Amino acid sequence: MFILLSTFLSAQKLQVVDSESGKPVANARIVLSEQLVYTNEDGFAPVSDNSRDFEISAAGFKKEKFKNFSSVIKLQPAFKDIEEVKIVSVDIKKLFEDIFKNYQKKYYDEPSVYDVIMKNKSFDNDKLYFMAISEARLWSKTNWYNYKDGYNKRYDDIIQLQLNNVKYLKINSSNSVFSAKTNEVNHDYIGSFFFNHEVNRVLDCIKYKNSKYSGTLVSEDGDEELINFKVRTSYNVTLEGSLRFNKTDKVITFCQVTYNQEELPAEKKTAVDGREYTIKGGIATYTYEFYKKDGVYVPAVSRVESDGLTYFYKDETHVKKSVREIIYNTFAKSDKKGLDPKVDFNKNIWENIAVKDDKESTVLLSKEEQEFINEK
């Protein structure tokens, strides 16, 4: 199921690069007057050449505003020399506790609806074998994860999805691809859409018996602080993270947490079809970003990436990598009714029928993604 980008759209794009190295900046956020977009892995984003007065930000770079369109945008690194950075200790436990306790006051917590881009990619031994990219609508009742509804699998009371245009959907499966997953959508999967779920998980790691943690303020830009943190648990899982904290509004506007599970012992498992295999932990990274729209903080992106998860089956070794990304292009207040039709979470998302909505696409493929689509 393929819909190719129009020549018109492909001509209207800009590239964000590092002003010092000239290298593309992936996942740079571009806030336009009516929508929000992100750059792809090659630094490109679909932006009309008549766009004016927009803001671009990216992790590790200074946030900048631009009055006019340019085909190449150069971002300045947040700081050049480590000697220029003054290291200040931060009580990361207190910071996350405050965010979790006052979450509904800090982020928009009423029913809302978004136009989103959903992207899923899976790799086996560094080879891309599955990709799904869809334009969709996402409805949320409160914009935070309700644990009671989640544990009772009342997912529709928390979040609803409506597939509009499945722009790309391709599976290149073969005997070399090993999978032990089921199609069931579970509690943790739904929870990973919401930042409060991640805040709670970080706090659980910090509070776990004999865990050690630290936080450091590494730079400031106006009201925004850049804070790095580390957590070492007693069960051999380590966390390393980075966040941006707005001092005035006392809200986390960006947070990225990497969980390293490589020191955990391998586990023997049985797949749903009876195959026995062994699994070894890898690395998982969770990213959440917010922006201020009409005076309230609303989601900009949620991204879950995993790498190094290793399956041993017979004499085969399969190293897995995956990405699930949600980009929230638009925000609007909604009612409590949700979406109709909506995705059935009792089956694989991509088995749901898309609702056709032919509008201008905000999808730009990276070089790797385009090569995968072009494969026979």
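Refer to the structure above for everything that follows.
Residues numbered from 1 in each chain as written. Predicted model: local features only at pLDDT ≥ 70, side-chain atom pairs only at ≥ 80, totals over all residues. Heavy atoms only, no water.

Asker: It is not clear to me how the overall build of the chain should be interpreted in this structure. Could you clarify?
Answerer: Secondary structure summary: the chain contains seven helices and 21 strands in total. With respect to the principal axes defined by its C-alpha atoms, the chain has extents near 60 × 55 × 45 Å. Split into buried and exposed, the 376 residues of the chain put 49% on the buried side. A separation of at least 24 residues holds for 64% of the contacts in the chain among residues at least 6 apart in sequence. Per element, the accessible surface of the chain, about 19,300 Å² overall, is 47% carbon and sulfur. If the 56 positive side-chain charges of the chain are averaged to one point and the 58 negative ones to another, these points end up 3 Å apart. (Helix = DSSP H or I, 4+ residues; strand = E, 2+ residues; numbered from the N terminus. Buried < 20%, exposed > 50% of the residue type's maximum accessible area, 1.4 Å probe, protein only. Contact = heavy atoms within 4.5 Å. Areas by Shrake-Rupley, 256 points an atom, 1.4 Å probe, with all protein chains shown as cover. Lys, Arg positive; Asp, Glu negative; His and termini not counted. Charge placed at Lys NZ, Arg CZ, Asp CG, Glu CD.)

Asker: Even after reading the chapter, I still don't get helix H2 (residues 92-101), so can you show me in this structure?
Answerer: Side chains three or four residues apart in an α-helix point the same way, a direct result of the helix having 3.6 residues per turn. Along H2, the positions that sit buried rather than exposed are Ile 92, Leu 95, Phe 96 and Ile 99. Projected down its long axis, H2 carries its buried residues within an arc of 90°, all on one side. Those residues of H2 that are exposed and aimed more than 90 degrees away from the buried face are Lys 94 and Lys 101. Considering only its buried residues, H2 is in contact with helix H3 (103-106), helix H6 (195-207), strand E12 (212-221), strand E13 (224-232), strand E14 (238-246) and strand E15 (251-260). Between the side-chain oxygen of the N-cap and the backbone nitrogen of Lys 93 there are 3.3 Å, and the N-cap of H2 in question is Asp 91. (Arc of directions from axis to C-beta. Polar contact = N/O pair within 3.5 Å; in protein donor to acceptor, adjacent residues only side chain to side chain.)

Asker: Looking at this structure, I do not really get the environment of Tyr 213. What am I missing?
Answerer: With respect to the helices and strands, the residue Tyr 213 is situated in strand E12. Among the residues examined, Tyr 213 registers a relative accessible area of 36% and is labelled partly exposed. Ignoring sequence-local partners within four residues, the contact set of Tyr 213 consists of Asp 91, Ile 92, Lys 93, Ile 206, Lys 230 and Val 231.

Asker: What's the story with the sheet that holds strand E5 (residues 52-57) in this structure? I'm lost.
Answerer: In a beta sheet, neighbouring strands pair by backbone hydrogen bonds and run either parallel or antiparallel. Taken together, four strands build an open sheet; the order of strands is E3-E2-E5-E6 and the sheet is antiparallel. Looking at which strands have only one partner, the edges of the open sheet turn out to be strand E3 (36-38) and strand E6 (64-68). When the angles between neighbouring strand axes are averaged without regard to direction, this sheet yields 25°. Examined bridge by bridge, E5 and E6 share four bridges and lie antiparallel to one another. Bridge pairing links Phe 54 to Phe 66 in E6. (Pairing = 2+ DSSP bridges. Axes fitted to C-alpha atoms, helices over the stretch in contact; angles between N-to-C directions.)

Keep in mind that these numbers describe shape and distance, not what the molecule does.
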